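# Fold and contact review
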Amino acid sequence: MIKIAAVGVAAVLMAMQLKEIKPQFGTYVVFGAGILIFFYAFEKLSEIVAAVGELSRQAAIEEKYLQILLKMLGITYVSEFAASLCRDGGYSSVAGQIELFGRLSILLVSMPIILSLLELLGRLLA
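Note that the coordinates shown come from a computational prediction; the quantities given were computed from them, not determined experimentally.

## With respect to the packing of helix α4 (residues 92–109) against helix α5 (residues 111–125)
The geometry of α4 relative to α5 is characterised by a closest axis approach of 4 Å and an angle of 45 degrees between their N-to-C directions. On the basis of the axis angle, α4 is oblique to α5. On α5, the residues touching L107, L108 and V109 of α4 are M111, P112 and I114. Of the residues in the contact of α4 with α5, the class split is six nonpolar, no polar and no charged.

Here you go:
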């Protein structure tokens, strides 16, 4: 975490210095740092997936539900990251559209869980 925080702070400080000379260069530095942090976090994702897989085996959770949960987590992270980059670049309307599409994607991915819950409720009430 300290490395990532240092990269982020260094990028912001460089961007502030470059803003006086050429504002677009500051934006490029921040975007580059954001992409670097994104790929570092993506690298750590395999460790998280392995840990969650072990927890699901111990708790006897069906693998399809775990896959849905991980997809939802991935969609959330990618859409938030992309929206933040767009917002930093001054394109808030594009950021809002990315966030909306992310929410709709999460809803779509979660449909099997919602349908399973409704089916279970129907059996309980019958």
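So, next bit.
## Some words on the environment of L124
With respect to the helices, strands and loops of the structure, L124 is situated in helix α5. Overall, L124 belongs to the exposed group, its relative accessible area being 62%. Each C-alpha atom of the pair L124 and M16 lies 60 Å from the other, and the pair is 108 residues apart in sequence.

## Regarding helix α3 (residues 63–88)
Given a rise of 1.5 Å per residue, 26 residues ought to cover 38 Å, and the 37 Å separating the end C-alpha atoms of α3 matches this to within 8%. Those residues of α3 lying buried are L66, I68, I75, S79, A83, L85 and C86. The first or second residue beyond α3 is G90, which carries a positive phi of 95 degrees.

## Considerations on the pattern of salt bridges
In the structure shown here, the tally under the stated rule is two salt bridges. Across the pair E119 and R123 runs a salt bridge, and its minimum N-O distance is 3.5 Å. Pair noted here: E119 and R123 are both in helix α5, with a separation of four residues, about one helical turn. A relative accessible area of 56% means that R123 is categorised as exposed.

## What to know about the packing of aromatic side chains
A complete count under the given rule lists four aromatic pairs for this structure. Judged by centre distance (5.6 Å) and plane angle (10 degrees), the rings of F38 and Y77 are stacked. Remark: Y77 occurs in helix α3 and F38 occurs in helix α2 (residues 23–59); sequence separation between them is 39 residues. Through a chain of ring-to-ring contacts, the aromatic side chains of F38, F39, Y77 and F81 assemble into a single cluster.

## Some remarks on the environment of L73
Relative to the elements of secondary structure, L73 occurs in helix α3. Classification of L73 by relative accessible area gives partly exposed; the value is 44%.

## Considerations on the confidence of the model for the chain
Summary statistics for the chain give a mean pLDDT of 84 and a share of 100% for residues scoring 70 or more. Of all the helices and strands in the chain, α2 carries the lowest mean pLDDT, 80, while α4 carries the highest, 93.

## Here we look at the side chain of S79
Within the fold, S79 resides in helix α3. Every residue in contact with S79, bar those within four places of it in the chain, is listed here: I98 and G102.

What counts, and where the lines are drawn
Residues numbered from 1 in each chain as written. Predicted model: local features only at pLDDT ≥ 70, side-chain atom pairs only at ≥ 80, totals over all residues. Heavy atoms only, no water. Axes fitted to C-alpha atoms, helices over the stretch in contact; angles between N-to-C directions. Helix = DSSP H or I, 4+ residues; strand = E, 2+ residues; numbered from the N terminus. Parallel < 35°, antiparallel > 145°, perpendicular 65-115°, else oblique. Contact = heavy atoms within 4.5 Å. Nonpolar A, V, L, I, M, F, W, Y, C, P; charged D, E, K, R; others polar. Buried < 20%, exposed > 50% of the residue type's maximum accessible area, 1.4 Å probe, protein only. Expected span 1.5 Å × (residues − 1). Salt bridge = Lys/Arg side-chain N within 4 Å of Asp/Glu carboxyl O. Phe/Tyr/Trp six-rings, centres within 6.5 Å; stacked < 30°, edge-to-face > 60°. pLDDT = per-residue confidence, 0-100.

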